[in-house]
Amino acid sequence: MTIARSVVTPVLTTLVAAFLLVLPAPAPALPTPPGEVHAWGGNAFGELGDGTTDAHRAPAPVPGMDDVVDIHTGREHAVALREDGTVLTWGSNQMGQLGGGTTGGQRPSPGPVAGLDGVTMVSTGHYHSLALRSDGSLWTWGYNNVGQLGDGTTTNRNRPVRVSGTRTYAYVAAGRDMSYAVATDGTVWAWGRGDDGQLGDGTLVNHSTPVRVGALTEVVQVAGGRDHGLALRTDGSVWAWGWNAYGQLGDGTLTDRTSPVQVLTGATMLAAGAHHSYALRSDGRVAAWGRNYRNELGDGTSTQRTRPVTVLGVGGAVTIGSGRDHGLAALADGTVRAWGHNSSGQLGDGTLTSRSTAVAVPGLTDVVRVSGGAEFSVAVAATGAPPEPSGTAEFRAVSGASGNASSVSVAVPATVQAGDVLVLFVGTNRLATVPAPAGWSLLGVATDGSDLRSWAFTRAATGTPGSSVTVVLDATSKIDVSLAAYDGSAVTATASRAETGTGASHLSAPVTVTTPGSRVVHHWVSKVNEVATWSVADLVPRRTGAGSGSGQVVSLTADGGPAPAGTWPARTATASVASSKAIAWSVVVAP
């Protein structure tokens, strides 16, 4: 699918927001550090570039591709820019989209695009490809049934042709059958299919040469979905136009737009899937909107959204990408998160299970670019990248138990390793007493002052994984226990908050993060008379707990990060059952 990429190298991401806010006009895209391409997912057309058509559910290197500075993926093909300015392609070639001078078939290994050099950026539509050269000229090849190549014809091309006109450009992107470019004066231009307003020129007409998108100025980035477009201005505002049957324009309606409408502010990067959109916010979170029938919005639901919602499980992101029905984000620590449809293993977590919240993609480090196709994904991992100075704390496992008893035992997950940081939360429906289990240190005790009490303990993991910890009370009580394990060094801060009024939404306490890369563990416990379900934004839910009967204790354990140094703001968890008796914990685990 078509992916917008950052206008600066991710290692400078902390400067992006300030740079965008003062830049009077867009600048040419700067290359990322050269890196090695990894690919995973479906491979029926050779789109994984490994010389085979065998699918695989985990990332694997693309042979010989270790000097790539930009990469984009079409429906079933990939286009990669090398450090020397040349372009390689692989995958399906049914419309000549590989640019090698032939049409038809497929190429499961990278091969050169004929006669193209001096390239600074590449992009892809479904079946066409684009390249921006250092002189500002744009070159295209592949499918051209509605003029998406911009050369004034509707003739398919299996070699690059120049987009009509003498205008020079600084950024290029594409949708299914249309193309977008930011001119060096900050205006936006489009060509190709326009029957749903996707060219943004106020009409429903196809164009085979560039037409201007609305009156947008000071644009630094564009992105294209199946039939809609997105633009990012220097002030961080996001604009959208085109087809809107699923809310993919994000303006709160299902009305198609032939001219740009504003969606949100505070963005630094864009990406678009088939019928959904993403924006990377300046705080490292990802906003999503549009169709969600395959969990592509990552908000823990399959509910269509006409306004932006937050992708759960992604924090500290520096670059984003989208496949047809899945999303990707690379974090500041170089790891990757994925969410959405997973029919061919395109999420890279070793399964075929779709995910409504983001999951980690194992085996990838130092990633600086991500992109997705119909049912596959790619990433560029910087070669020779310096290690993170402080690393990150990573979630290891969680377990728990609920009951009506005077003692409860909780298994330490078998995946826990010696030295891991363990955090234990205990909640009861009465003002009970709970001594610290042997070897555990008390982090704090919190109560609503009447009949709900909660404890937090920690220790370093020792002994045999798969052992258990027993919590003993002074009398039989409704009790819930949650044990979370992290690959980290120690707990560095703890805060708690007790509710003072009735409601379903429960706010945690802010907490101070002293070491970048820390994880912040949140735990909510509430006393209710029925089982409750929970929802939480911008965190990864790890466990929910519930007892039985009236006065039972229900809980949610979730985490976020990697967190930057500074104040980690309060988070809100919403339960399906309202209660005036709730306690929330915020615990920082340092790397």
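On a predicted model such as this, the values are computed, not experimentally measured, just so you know.

So, the packing of aromatic side chains
Within this structure, the stated rule accounts for 5 aromatic pairs. Look at Tyr 127 and Tyr 143: their rings are 6.2 Å apart centre to centre, the planes differ by 80°, and that puts the pair in the edge-to-face class. In this pair, Tyr 127 is assigned in the loop between β7 (119-124) and β8 (128-133) and Tyr 143 in the loop between β9 (138-142) and β10 (157-162), connecting sequence segments 16 residues apart. Of the residues examined, Tyr 127 reaches a relative accessible area of 18% and is grouped as buried. Relative to Trp 339, the ring of Tyr 278 lies with its centre 5.5 Å away and its plane at 70°, an arrangement referred to as edge-to-face. Residue Tyr 278 is located in strand β20 (residues 276-281), and its partner Trp 339 is located in strand β25 (residues 336-340); the two are separated by 61 residues in the primary sequence. Judged by relative accessible area, which is 0%, Trp 339 ranks as buried. Over the face of the ring belonging to Tyr 293 we find Arg 291, whose NZ or CZ atom lies 3.8 Å from the ring centre. Looking at Arg 542, its charged tip hangs above the ring of Phe 395, at a distance of 3.7 Å from the centre.

Structural notes on the sheet that holds β20
Strand order in this open sheet of 4 strands is β19-β20-β21-β22, and the pairing throughout is antiparallel. Since the sheet does not close on itself, it has two edges, and those belong to β19 (267-272) and β22 (305-310), each with one partner. For this sheet, the mean inter-axis angle between neighbouring strands, taken without regard to orientation, is 20°.

Scoring rules and cut-offs
Residues numbered from 1 in each chain as written. Predicted model: local features only at pLDDT ≥ 70, side-chain atom pairs only at ≥ 80, totals over all residues. Heavy atoms only, no water. Phe/Tyr/Trp six-rings, centres within 6.5 Å; stacked < 30°, edge-to-face > 60°. Helix = DSSP H or I, 4+ residues; strand = E, 2+ residues; numbered from the N terminus. Buried < 20%, exposed > 50% of the residue type's maximum accessible area, 1.4 Å probe, protein only. Lys NZ or Arg CZ within 6 Å of the ring centre and 35° of its normal. Pairing = 2+ DSSP bridges. Axes fitted to C-alpha atoms, helices over the stretch in contact; angles between N-to-C directions.

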